[in-house]
Amino acid sequence: MHASAILIVSRPAATIFASLLIVASLLATTAGAQYATATSGVQLGMPVIRSQAADAAPTRLPDPSTVPIAAGTPAATVATRQAAQPATARSSEPMPGRLASAVQTSTLDGASIYAPQLVPWAGDFSPTPLPDAAFTYDAAEARRPYDGKSPVPVQRPLIEWGLPLFLNGMIPRSQTFLGETNLVQQHFYMYGDYRAGYGGGRNAGGDFHNMAAQFRLDLDWGITSTERFHAFIQPLNRGGDFTGINFVDDDFDAQDAFNADFITAFFEGDLGAITGGLTDTWYPFDLPFTAGLIPLLYQNGIWMDDAVAGAAFALPSKNSKFLRWSNFDATFFAAVDQLNSDAFPGDKNAAHLFGTAWFIEAYDGYIESGYAYVDDRTNSDRSYHNVTLSFARRYFWRVANTVRVIGNFGQDLPRDQRTADGALVLIENAWVSRDALRFVPYLNAFAGFGRPQSVARAAAAGGVLRNTGINFETDGINGFPTLDATANNTYGGAVGINLLGPAFDHQLVVEAAYVGVMDNPDDRNAAGEELAFGTRYQIPISHRTLIRLDGMWAWRDNASDLTGGRIEYRWKF
């Protein structure tokens with residue numbers, strides 16, 4: 001059949017037909033058929049879009065021997081010259097960008113035809129043709145990650161001795177008196193923040209109207225990359241009292257709560273790094289540890305949030321093929337003094353403890369577990385066991401969920417005299433919206449049975465429900481009112497929306513919260529049901545200062561209603 005009689009067909013038929021031609025070309029190869037190189041009349045590297053009809057059937061090419069080649073010009077770039085053809089005739093040039101060579105064969109009428117070899121862009125180094133709209137090269141945009149940078153304003157520590165916190169270029173030469181593999185690069189920083197708040201309303205203790213301040217200072221002496229001494233003080237507050245002014249009726253009362261005691265003071269390091277330095281070997285193992293007046297905070301401060309006199313060490317970055325744990329850390333701790341807990345009200349020297357906390361990445365989620373034994377040193381039979389377990393994961397790509405359980409048991413006392421006995425279940429949910437970083441609806445719920453306690457809680461840490469919602473969280477300065485946050489024989493939750501600005505330049509939280517009661521009123525702190533609406537707004541003034549506003553209204557059965565409003569200025573240094 002003559003090639004001109006070949007019908008113009010659809011792409012699938014053309015693909016089948018081209019495949020048959022390839023098979024024919026391979027058979028012709030084994031039979032000793034001669035090969036000829038097809039030349040393209042299009043500049044290499046420039047993709048050409050042809051019509052569907054033009055690609056439907058193989059292209060008839062003239063005999064390569066009859067095509068004149070320009071002197072000194074590579075054959076691959078020479079245009080194929082042909083006689084003029086009618087507009088309806090097929091083009092005789094090969095499909096540019098797709099065919100690098102052709103195989104000569106014959107039709108039944110003796111005419112020559114060149115079947116395509118599907119070896120795209122073979123034999124040259126031209127760019128692969130790409131759609132211009134999707135792969136446009138912008139030289140200025142390509143340079144922007146390198147040339148488009150500008151200094152970011154940062155707040156330096158108030159005192160910055162030795163190695164700077166932020167440094168351009170090379171760091172100074174390190175010292176080696178702790179070993180060649182545990183280099184010494186010392187620094188001393190003093191940094192922290194200052195908070196000043198003005199507020200008023202009615203809290204659980206009655207009316208309040210005050211202006212107070214808080215000054216938090218961190219002192220950090222770094223020795224190596226793993227060893228340091230650290231301390232933390234709050235010179236303007238003592239326990240739950242703050243330096244400030246209380247406005248009473250038409251008068252005011254100055255309150256002095258100066259306190260020079262350390263809140264934390266500890267040494268931390270890595271025994272593996274220290275051993276490696278002293279023996280001039282690379283880290284033989286990893287064993288981070290700490291000792292002193294150490295802060296212990298587990299499960300975002302729900303299970304434990306206190307600074308205790310004791311020690312702790314960790315086994316980091318482990319895994320278990322048998323348990324299908326891709327990564328886990330295990331921490332072991334002990335405290336001998338300075339334990340704050342409602343299980344031992346008013347006496348932070350009454351108990352000591354030891355325990356462990358585990359952090360596990362497994363089963364498509366994140367697990368935290370812990371156990372602590374709290375021993376009563378006053379022989380009052382208040383010793384007890386405290387256990388916890390939590391699991392966090394994302395479901396359906398839309399709900400970020402965490403379930404936490406805390407259990408207390410073991411006190412050898414009559415039921416009505418037990419101070420740590422019962423269980424607490426917390427369920428935290430956040431909806432993953434299309435704008436997940438700036439629009440975060442949340443729904444948190446809880447149920448407390450008996451008198452569940454954290455292992456240890458500092459006075460300024462608030463109640464065990466402080467993370468349930470802003471209506472359970474104290475401000476830590478003005479005595480801002482909250483709903484009952486003890487979870488003693490209560491249940492409830494909070495629903496709200498957390499909104500952040502387009503450039504994360506301000507925050508607005510709006511929330512409603514509820515506390516229901518159960519069991520005997522003598523076995524709980526809440527007198528009756530509680531319902532609250534609260535809001536919070538924060539906006540930065542600069543990279544180191546911000547303004548925060550809080551407001552809440554609460555209705556309580558069998559107790560006075562709660563109201564509060566405050567404004568706070570915060571400066572970090």
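Just so we're clear, the structure is a prediction, and the values are computed from it rather than from any experiment.

Draft legend 1. Main features of a negative patch on the surface. A grouping of Asp249, Asp250, Asp251 and Asp253 is seen on the molecular surface, where their side chains present a negatively charged patch. Among the structural elements, Asp250 can be located in the loop between strand 10 (244–248) and strand 11 (251–255). Residue class for Asp250 comes out exposed when judged on its relative accessible area of 83%.

Draft legend 2. Local environment of the pairing of strand 26 (residues 545–556). Bridge count between strand 25 (residues 530–540) and strand 26: 11 bridges; the pairing is antiparallel. For Leu531, the partnering residue across the bridge sits in strand 26 and is Trp555. The turn joining strand 25 and strand 26, which pair antiparallel and follow one another in sequence, is formed by 4 residues. The sheet contact formed by strand 26 and strand 27 (residues 562–572) spans 10 bridges and is antiparallel. Residue pairing in the sheet places Asp550 in a bridge with Arg566 of strand 27. Linkage of strand 26 to strand 27, two consecutive antiparallel strands, is achieved through a turn of 5 residues, within which Asn558 is found at a positive phi near 60°.

Draft legend 3. Looking closely at the side chain of Arg536. Within the secondary structure, Arg536 is located in strand 25. A distance of 2.9 Å separates polar atoms of two side chains, one belonging to Arg536 and the other to Asp550. Once residues lying within four places of it in the same chain are set aside, the contact partners of Arg536 are Ile470, Glu473, Gln507, Leu508, Val509, Arg548, Leu549 and Asp550.

Draft legend 4. The pattern of salt bridges, seen in detail. Tallied over the full model, the rule gives 20 salt bridges. For Arg156, the salt bridge goes to Glu160, with nearest N and O atoms at 2.8 Å. On the basis of relative accessibility, which here comes to 23%, the residue Glu160 falls in the partly exposed class. Put simply, Arg195, Glu473, Asp475, Arg536, Arg548, Asp550, Arg566, Glu568 and Arg570 are held in one network by salt bridges that share partners.

Draft legend 5. How the structure looks around empty space enclosed by the protein. Applying the stated criterion across every chain yields a total of 3 cavities of 30 Å³ or more. Its volume calculated, the largest cavity comes out at about 130 Å³. Arg415, Asp416, Arg418, Asp421, Gly450, Arg451, Asn489, Asp519 and Asp523 are the residues that line the largest cavity. In the lining of the largest cavity, the residues fall into no nonpolar, 2 polar and 7 charged. If you trace the second largest cavity, you find 14 residues lining it, with Ile470, Phe480, Arg536, Asp550 and Gly551 closest to the centre. When residues of the lining of the second largest cavity are traced back to their parent elements, those giving at least two are strand 25 and strand 26. Looking at the lining of the second largest cavity, the element that brings in the most residues is strand 26, giving 4 residues. Grouping the constituent residues of the lining of the second largest cavity by class yields 4 nonpolar, 5 polar and 5 charged.

Rules of the game
Note that residues are indexed from 1 along each chain, following the sequence as it is written. In keeping with the predicted nature of the model, local features appear solely for residues at pLDDT of at least 70, side-chain atom pairs appear and are counted solely at 80 or more, and the whole-chain, interface and lining totals rest on all residues. Side-chain metrics rest on all non-hydrogen atoms present in the structure, leaving aside hydrogens and water. Patches were defined on residues exceeding 30% relative accessible area and lacking a salt bridge, with like-charge contacts within 9 Å and nonpolar side-chain contacts (Val, Leu, Ile, Met, Phe, Trp, Tyr) within 5 Å. In these tables, accessible area is a Shrake-Rupley quantity obtained with a 1.4 Å probe, and a residue counts as shielded only by the protein chains included in the view. Whenever Lys or Arg places a side-chain nitrogen within 4 Å of a carboxyl oxygen from Asp or Glu, that contact is recorded as a salt bridge. Within this scheme the basic residues Lys and Arg register as positive and the acidic residues Asp and Glu register as negative, but His and the chain ends are omitted. Here the site of a charge means atom NZ of a Lys, CZ of an Arg, CG of an Asp or CD of a Glu. Under the DSSP-based scheme used, a helix requires at least four consecutive residues in state H or I and a strand at least two consecutive residues in state E, with every element numbered from the N terminus. For the exposure calls, accessible area comes from a 1.4 Å probe over protein chains only, and a residue counts as buried if that area is under 20% of its type's maximum, exposed if over 50%, partly exposed in between. Pairing between strands is defined by DSSP: at least two bridges between them are needed. Counted as a polar contact is a pair of N or O atoms within 3.5 Å, where, for protein atoms, one must be capable of donating a hydrogen and the other of accepting one, and residues adjacent in sequence contribute only when both atoms are in side chains. Note on contacts: a residue pair qualifies if any of its non-hydrogen atoms lie within 4.5 Å across the two residues. With a 1 Å grid spanning the protein atoms alone, the term cavity applies to any set of points in which a 1.4 Å probe fits but cannot get out, the term pocket to an open set with protein on both sides within 12 Å along at least five of seven lines, and the term lining residue to any residue with an atom within 4 Å of a point. Grid points are joined across faces, edges and corners, and a volume is the space filled by probe spheres set on the points. Any residue outside Ala, Val, Leu, Ile, Met, Phe, Trp, Tyr, Cys, Pro, Asp, Glu, Lys and Arg is labelled polar, Gly included; the first ten of those are nonpolar and the last four are charged.

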